[in-house]
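Spelled out from the first residue to the last, the chains are:
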Amino acid sequence: MKRNALTTAVRMVIAGTLIGTLAACGGGGSGGGEVVSSTSDGTSVGAVTGFGSVYVNGTRFETNGSVSSDDGIEREEQLEKGMILKVKGSWNGRGEGRAERVSYDDTLRGPLTGASWDDVNKTGQLQLLNQTVRLDRQTVFRGATPAALAGNPSGYSVRISGWRMENGDFRASYVGARSAGSRFDDFNEVEIEGFVANLDASARTFEINGLSVDYTSATGDDDFDLDDLRNGLAVEVEGYLENGILIAREIEDEDDLFDDDDDVEISGEIYDFDASGRSFRINGVQVQYNRGTEFDDIRESSLQNGLFVKVEGDFRNGVLIAEEIEGRDGDVELDGRLEQIDLSNEVLIVSGIRVQLTPGTLIDDDDDDDDDDRRSRVEDINGFRVGDYLEIEGRQRSENGGYLEAFTIEREDDDDDDYELEARIDALSSTSVTFMNLEILLYGYSTDGARVGDEVEVEYRRTSGGQYVLTDDIDD
């Protein structure tokens, strides 16, 4: 394609004053909102995003190092990024907290029967125990890559930490893999959670999302009486497989995650959404919102099943009364080369885009080095090197000229110098297109049909002269 001659150079402001302005405005938070200094006492449920104690829901919780779990995890050193924790304690609006108790429980555990993975879109599925588990960019893998699982699913057993979805499937936050036949729990080979269906009290059988369960030899855990089993009851079952049937050893009902009058933080995927009743569920918790509920990075009209959000509020009579609902689904994807690092402000420049890290940013590598996962957050950031190829998902911010707030950052082994960006157009001219303060020269490529505010995909590169130029037509 013939390229037009260009008479102006690419204009960028990516360092110094602008980075300082971002830090002064609280860039390490969730987009320039007012910092709240009040203290909350209650329960925070979410995925681990970092260590140096543990980071959950954007708060660094100081811990005593112990973990309460029935799944063989007793110490903080055994936790992995992506594992969903229940933290009982206190926290403030500055991202600081103290944990009184840290609890972990597998969502699913057992042998894989099927797997798929799309390495371009970073999505896939796992099948185990007759359940479907959805994988995406925010899923952390340990023990095997997603491609390895897809290539030989019968060769692995996995433990899943994830969120229950509307249709009974799961969305994985963490996948830990071991070779087939290996056990994460020496006593109970498998674990599953879900709702009792087709209960036959005489035969002592029921189903969970199509998986047959025989509880003839089971005992109730935590004082749960098996005579209280009923259709629709949410339970957790542990045992072993025999001819495709789960032979239960232990069954317990899923108690409320929170105590009454708890201050609560929880992240998860919306299901059972009822707009007229202003309610929905997250991971089994009923959420009620009202006119006083604040919305951050999301509008009330945008709420729907499948949306990933964080909810803060008070737990009363079995219902979470939402004070704030924050959107946690990213609207930007960037694949590019790390060019600058500002450690003090936790700011990266990646292929011309300013990227702000927060306490909620999940940093991961594409290799299978478990030691890397145990680094503190400071060591995570110090581990970056100029020239690293990064895949980033996050949210587009308009403050201070625009920047990308990172939800997940994954370092890839990639020698590609072509960059890819999916984001909203901030400015458009006859010679350039601008995203988050980065101006990319059109270099003769077409922007037909594209307008300011449109979400588009672009491919571009950096020239030897330091300019950024398109390498393909804009795809909207």
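Looking up the chain in an unreviewed UniProt entry gives the name DUF5666 domain-containing protein, with the organism given as Marinobacter shengliensis.

A few points about the overall build of the chain
On a plain count of helices and strands, the chain comes out with 4 helices and 36 strands. A separation threshold of at least 6 residues defines the contact pool for the chain, and within that pool the share at least 24 residues apart is 65%. When the accessible area of the chain is evaluated, it comes to approximately 20500 Å², of which 39% is carbon and sulfur surface.

What about the nonpolar core?
Counting 36 residues, the largest nonpolar core has Leu-229, Val-237 and Ile-251 as the members making the most contacts within it. Examining the composition of this core, we find that 4 residues originate from one element, strand 12 (residues 170–179), more than from any other. Core analysis: the next-biggest nonpolar cluster, separate from the first, contains 34 residues, Ile-381, Leu-421, Ala-423 and Leu-442 among them.

Describing the pairing of strand 24 (residues 319–327)
Relative to strand 24, strand 21 (residues 285–288) runs parallel, the two sharing 3 bridges. Within the sheet, the bridge partner assigned to Gln-288 lies in strand 24 and is Ile-321. In sequence, strand 23 (residues 308–316) turns back onto strand 24 through a hairpin of 2 residues, with Asn-317 there showing a positive phi of about 50 degrees.

Let's talk about unusual backbone geometry
One non-glycine residue with positive phi stands out, namely Asn-243, at about 55 degrees. Within the secondary structure layout, Asn-243 lies in the loop between strand 17 (234–242) and strand 18 (245–253). Note on Asn-243: relative accessible area 77%, which makes it exposed. Not every positive phi belongs to a glycine, and Glu-346 is a case in point at roughly 55 degrees. Checked against the element boundaries, Glu-346 lands in the loop between strand 25 (332–342) and strand 26 (347–350).

Here's the deal with the packing of aromatic side chains
All told, the structure shown has 9 aromatic pairs when counted by the stated rule. Between the aromatic rings of Trp-117 and Phe-141, the centroid separation amounts to 5.7 Å while the plane-to-plane angle is 75 degrees, which identifies the pairing as edge-to-face. Within this pair, whereas Trp-117 is found in strand 7 (residues 114–118), its partner Phe-141 is found in strand 10 (residues 140–142), the two being separated by 24 residues in sequence. For the pair formed by Trp-117 and Phe-141, the shared burial category is buried. Here the aromatic cluster, defined as three or more aromatic residues joined through ring pairs, consists of Phe-280, Tyr-289 and Phe-295. Of note, Arg-249 hangs over the ring of Phe-187, and the distance from its end group to the ring centre comes to 4.4 Å. In this structure, Arg-328 packs its charged tip against the face of Phe-407, placed 4.1 Å from the ring centre.

Some words on the pattern of salt bridges
Scanning the entire structure with this criterion turns up 37 salt bridges. Residues Arg-171 and Glu-269 are paired through a salt bridge, measuring 2.7 Å at the closest nitrogen-oxygen approach. Of the two residues, Arg-171 sits in strand 12 while Glu-269 sits in strand 19 (residues 263–274), which places them 98 residues apart along the sequence. Take Arg-171 and Glu-269: they sit in the same class, and that class is buried. Several salt bridges share partner residues, and in doing so they unite Asp-71, Asp-106, Arg-109, Arg-159, Asp-185, Glu-191 and Glu-238 into one network.

Some points on the side chain of Gln-138
Summarising the element assignment, Gln-138 is placed in the loop between strand 9 (131–135) and strand 10. Filtering out sequence-adjacent residues up to four positions away, Gln-138 remains in contact with Arg-171, Ser-173, Arg-328, Leu-362, Glu-393 and Thr-408.

Thoughts on the pairing of strand 35 (residues 455–462)
In regular strands, side chains alternate between the two faces of the sheet. Alignment of strand 31 (residues 419–424) against strand 35, held across 6 bridges, turns out to be antiparallel. Across the sheet, Leu-421 pairs through a bridge with Val-458, a residue of strand 35. Joining the antiparallel neighbours strand 35 and strand 36 (residues 468–470) is a turn of 5 residues, in which Gly-466 adopts a positive phi near 90 degrees.

Some details on the environment of Gly-387
Topologically, Gly-387 is positioned in the loop between helix 4 (377–382) and strand 29 (389–397). With 47 residues separating them in the primary sequence, Gly-387 and Gln-340 have C-alpha atoms 8.9 Å apart.

Some words on the side chain of Ser-351
Tracing the sequence through the fold places Ser-351 in the loop between strand 26 and strand 27 (353–356). Among the polar contacts listed, one links the side chain of Ser-351 to the backbone nitrogen of Arg-337, at a separation of 2.8 Å.

Here's the deal with a nonpolar patch on the surface
A surface patch of nonpolar side chains, about 240 Å² in accessible area, is lined by Ile-341, Leu-343 and Val-386. Tracing the backbone shows Leu-343 in the loop between strand 25 and strand 26.

Examining the environment of Leu-441
Within the fold, Leu-441 resides in strand 34 (residues 438–441). Overall, the relative accessible area of 2% leaves Leu-441 in the buried class. Considered as a pair, Leu-441 and Leu-470 are 29 residues apart in the sequence and their alpha carbons are 6.2 Å apart.

Topic: the confidence of the model for the chain
Per-residue confidence for the chain gives a mean pLDDT of 87; residues scoring 70 or more make up 90%. A low-confidence stretch, residues 1–36 stays under pLDDT 50, and its non-local contacts, those more than four residues away or across chains, total 74 contacts. Scored below 50 in pLDDT, residues 367–371 makes 7 contacts in the model with residues more than four places away or belonging to other chains.

Some remarks on the environment of Ala-218
Mapped onto the elements of the fold, Ala-218 is located in the loop between strand 15 (211–214) and strand 16 (219–220). Separated by 32 residues in sequence, Ala-218 and Glu-250 place their C-alpha atoms 5.3 Å apart.

What about a negative patch on the surface?
Where like charges cluster on the molecular surface, the negative patch consists of Asp-416, Asp-418, Glu-420, Glu-422, Asp-448, Glu-455, Glu-457, Glu-459, Asp-472, Asp-473, Asp-475 and Asp-476. Elements supplying a minimum of two residues to the negative patch: strand 31 and strand 35. Sorting elements by how many residues they give to the negative patch places strand 35 first, with 3 residues. With respect to the helices and strands, Asp-418 occurs in the loop between strand 30 (403–412) and strand 31. A relative accessible area of 36% places Asp-418 in the partly exposed class.

Reading the values: the criteria
Residues numbered from 1 in each chain as written. Predicted model: local features only at pLDDT ≥ 70, side-chain atom pairs only at ≥ 80, totals over all residues. Heavy atoms only, no water. Helix = DSSP H or I, 4+ residues; strand = E, 2+ residues; numbered from the N terminus. Contact = heavy atoms within 4.5 Å. Areas by Shrake-Rupley, 256 points an atom, 1.4 Å probe, with all protein chains shown as cover. Core = buried A, V, L, I, M, F, W, Y, C linked by side-chain atoms within 4.5 Å. Buried < 20%, exposed > 50% of the residue type's maximum accessible area, 1.4 Å probe, protein only. Pairing = 2+ DSSP bridges. Phe/Tyr/Trp six-rings, centres within 6.5 Å; stacked < 30°, edge-to-face > 60°. Lys NZ or Arg CZ within 6 Å of the ring centre and 35° of its normal. Salt bridge = Lys/Arg side-chain N within 4 Å of Asp/Glu carboxyl O. Polar contact = N/O pair within 3.5 Å; in protein donor to acceptor, adjacent residues only side chain to side chain. Patch = residues over 30% accessible without salt bridge, like charges linked within 9 Å, V, L, I, M, F, W, Y side chains within 5 Å. pLDDT = per-residue confidence, 0-100. Lys, Arg positive; Asp, Glu negative; His and termini not counted. Charge placed at Lys NZ, Arg CZ, Asp CG, Glu CD.

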